[in-house]
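So you can see what is in the structure, the chains are spelled out below.
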Amino acid sequence: MAMLEVNNLYKSFGKNEVLKGIDFKLEEGKVISIIGSSGSGKTTLLRCITGLETADKGVITVDKRITFNGDSKQKLTKAEKRDNQLATGLVFQSFNLFPQYNVLDNVTLAKKLMLKKELRVKKASHAEKKAAFDALVEEAKDIISHVGLSDKLNHYPCELSGGQQQRVAIARALIMSPKVLCFDEPTSALDPEITGEVLKVIAGLAKDGRTMLIVTHEMGFAREISDEVIFMDQGVIAEQGDPKEMFVNPQTNRLREFLSAMLKA
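Right, let's walk through the structure included here. (Residues numbered from 1 in each chain as written. Predicted model: local features only at pLDDT ≥ 70, side-chain atom pairs only at ≥ 80, totals over all residues. Heavy atoms only, no water.)

**A word on the side chain of Thr 44**
Then, number 1: Note on placement: Thr 44 falls in helix α1 (residues 42–49).
Then, number 2: Classification of Thr 44 as buried rests on a relative accessible area of 14%.
Then, number 3: Once residues within four sequence positions are removed from consideration, Thr 44 is found in contact with Lys 11, Phe 13, Val 18 and Leu 19. (Helix = DSSP H or I, 4+ residues; strand = E, 2+ residues; numbered from the N terminus. Buried < 20%, exposed > 50% of the residue type's maximum accessible area, 1.4 Å probe, protein only. Contact = heavy atoms within 4.5 Å.)

This is the structure:
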């Protein structure tokens with residue numbers, strides 16, 4: 001069973017049909033990179049998968065759990081919606097860190113709020129609460145160290161480079177333990193000289209067996225890190241397959257044109 005399965009997914013904004021029947025599977029521990037021109041539907045696809053947008057039609061399954069069913073009339077509870085959203089994590093282009101919080105607090109904030117609610121429902125004792133929050137802090141420190149920022153725990157976003165801020169955003173997504181980690185152009189807002197540090201972290205996650213879906217304009221990176229590449233064009237998957245084969249011998253004129261343009265850029 002695939003960790004992520006997308007079947008017949010459609011999404012329109014008014015009369016603009018952005019996704020036109022998307023189908024693919026992402027196996028556990030594998031990496032798929034999604035490439036394509038601006039406006040091809042890449043980001044909308046990620047937003048539908050992660051629950052930030054609601055598709056018009058289709059089915060999305062994450063780790064055997066249906067997280068979206070466009071044909072179902074059944075209304076989900078708040079808890080079900082939350083669990084569906086937690087199945088995936090999304091790292092944005094623009095970091096979206098809270099400027100008033102340091103690195104440690106940015107990483108732990110969302111999980112801390114969830115933990116507070118769980119402990120309140122459980123009617124946990126003071127000792128149980130302290131132990132739970134202490135464990136959360138230690139988990140966060142381990143993840144922050146994993147992305148190479150153990151010396152920045154008490155720094156604020158304004159004191160970090162763009163690459164460091166993006167690594168904080170990755171740590172913030174990781175602490176929620178998503179089944180599938182999604183990246184939306186994770187280096188597009190970075191200066192070329194610091195792009196490599198973020199790509200190195202993502203490559204490390206791939207080696208660790210993390211299941212990932214990556215929208216990227218870094219063609220060399222996509223070729224090296226991916227188990228499969230999806231080329232989207234005008235809302236459909238125009239070509240999909242082994243990255244080395246696709247980049248060397250594209251089967252469609254549209255992919256051939258796209259790669260030629262990217263190489264000239």
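**A short note on α1**
One turn of the α-helix equals 3.6 residues, which is why residues spaced by three or four share an orientation.
Then, number 1: The buried count for α1 comes to 6 of 8 residues, which makes it a mostly enclosed element.
Then, number 2: Burial in α1 covers these residues: Lys 42, Thr 44, Leu 45, Leu 46, Cys 48 and Ile 49.

**Here's the deal with the pattern of salt bridges**
Then, number 1: Here the structure, examined in full by the defined rule, presents 10 salt bridges.
Then, number 2: The closest approach of N and O atoms between Arg 167 and Glu 197, which form a salt bridge, is 2.9 Å. On the criterion of sequence distance, the pair formed by Arg 167 in helix α5 (residues 162–174) and Glu 197 in helix α6 (residues 192–207) is long-range, its members being 30 residues apart.
Then, number 3: Residue Glu 197 is classed as partly exposed on the basis of its relative accessible area of 27%. (Salt bridge = Lys/Arg side-chain N within 4 Å of Asp/Glu carboxyl O.)

Function-wise, these values are silent; they only describe arrangement.
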